[in-house]
Amino acid sequence: MHNSLAALNPFIDNLRNSPWTRPFLDAVNVSAVSLMVLTTIQLGIATLTLPKIPYIDFLGLGIAVISAILVIRYHINAAFLILAGGIIGWGAVIFGYIR
């Protein structure tokens, strides 16, 4: 698949400069970004809410906030954050916070 993308490379500039295809490519970009935002919101709601009182998963919320701070401020690799979240979740199950 990578070779087919390399074969299209000379045509990409023509597509970007064409008055017919530029609006189409802009619409594709906007659609892709909006789908990513919507998916992020839906995953956040599904992950951080509980079906019973208090309706908010404070452990998940804490992990999400701390992870966001670490990524934005210290540029920590996401693989380490996923590993740390898994370890925290595993510890929460062992110590009885999560059933």
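The shown structure was predicted, so the numbers you read here are calculated from the model rather than taken from an experiment.

Colleague: I'd like a description of the layout of surface pockets, backed by residues and values.
Modeller: Its boundaries defined by the atoms lining it, the largest pocket holds a volume of some 270 Å³. If you trace the largest pocket, you find it lined by L50, K52, I53, P54, I56, D57, F58, Y97, I98 and R99. Of the residues contributing to the lining of the largest pocket, the split by class is 7 nonpolar, no polar and 3 charged.

Colleague: Describe helix 4 (residues 78–94), naming the residues involved and giving the relevant values.
Modeller: Think of an α-helix as 3.6 residues a turn; residues three or four steps apart then line up on the same face. With 17 residues, helix 4 ought to run about 24 Å at 1.5 Å a step, and its terminal C-alpha atoms sit 24 Å apart, in line with that. All buried positions along helix 4 are accounted for by L81, G91 and A92. The arc that holds the buried residues of helix 4, viewed along the axis, is 100°, so those residues lie on one side. Exposed residues pointing more than 90 degrees away from the buried face of helix 4 are listed as I82, L83 and W90. Buried residues belonging to helix 4 abut helix 3 (58–74). Put simply, N77 is the residue that caps the front of helix 4, since its side-chain oxygen is 3.2 Å from the backbone nitrogen of A79.

Colleague: I'd like a rundown of the confidence of the model for the chain, residues and numbers included.
Modeller: Across the chain, the average pLDDT comes to 90, with 98% of residues at 70 or higher. Per-element mean pLDDT across the chain ranges from 78 in helix 1 (residues 2–17) up to 95 in helix 4.

Colleague: Summarise a nonpolar patch on the surface; cite the residues concerned and give the values.
Modeller: Taken together, I53, Y55, I56, F58, L61, V65, I69, V93, Y97 and I98 make up a surface patch of nonpolar side chains, about 960 Å² in accessible area. Here the nonpolar patch gets 4 residues from one element, more than from any other, and that element is helix 3.

Colleague: Report on the environment of R22, specifying residues and quantitative values.
Modeller: Following the sequence through the fold, R22 ends up in helix 2 (residues 21–48). Using a relative accessible area of 42% as the deciding quantity, one classes R22 as partly exposed. When residues no more than four places from it in sequence are discounted, the contact partners of R22 are L15, R16 and N17.

About the thresholds
- Residues numbered from 1 in each chain as written.
- Predicted model: local features only at pLDDT ≥ 70, side-chain atom pairs only at ≥ 80, totals over all residues.
- Heavy atoms only, no water.
- 1 Å grid on protein atoms, 1.4 Å probe; cavity = no way out; pocket = protein on both sides within 12 Å on 5 of 7 lines; lining within 4 Å.
- Points joined across faces, edges and corners; volume = space filled by probe spheres on them.
- Nonpolar A, V, L, I, M, F, W, Y, C, P; charged D, E, K, R; others polar.
- Helix = DSSP H or I, 4+ residues; strand = E, 2+ residues; numbered from the N terminus.
- Expected span 1.5 Å × (residues − 1).
- Buried < 20%, exposed > 50% of the residue type's maximum accessible area, 1.4 Å probe, protein only.
- Arc of directions from axis to C-beta.
- Contact = heavy atoms within 4.5 Å.
- Polar contact = N/O pair within 3.5 Å; in protein donor to acceptor, adjacent residues only side chain to side chain.
- pLDDT = per-residue confidence, 0-100.
- Patch = residues over 30% accessible without salt bridge, like charges linked within 9 Å, V, L, I, M, F, W, Y side chains within 5 Å.
- Areas by Shrake-Rupley, 256 points an atom, 1.4 Å probe, with all protein chains shown as cover.
- Salt bridge = Lys/Arg side-chain N within 4 Å of Asp/Glu carboxyl O.

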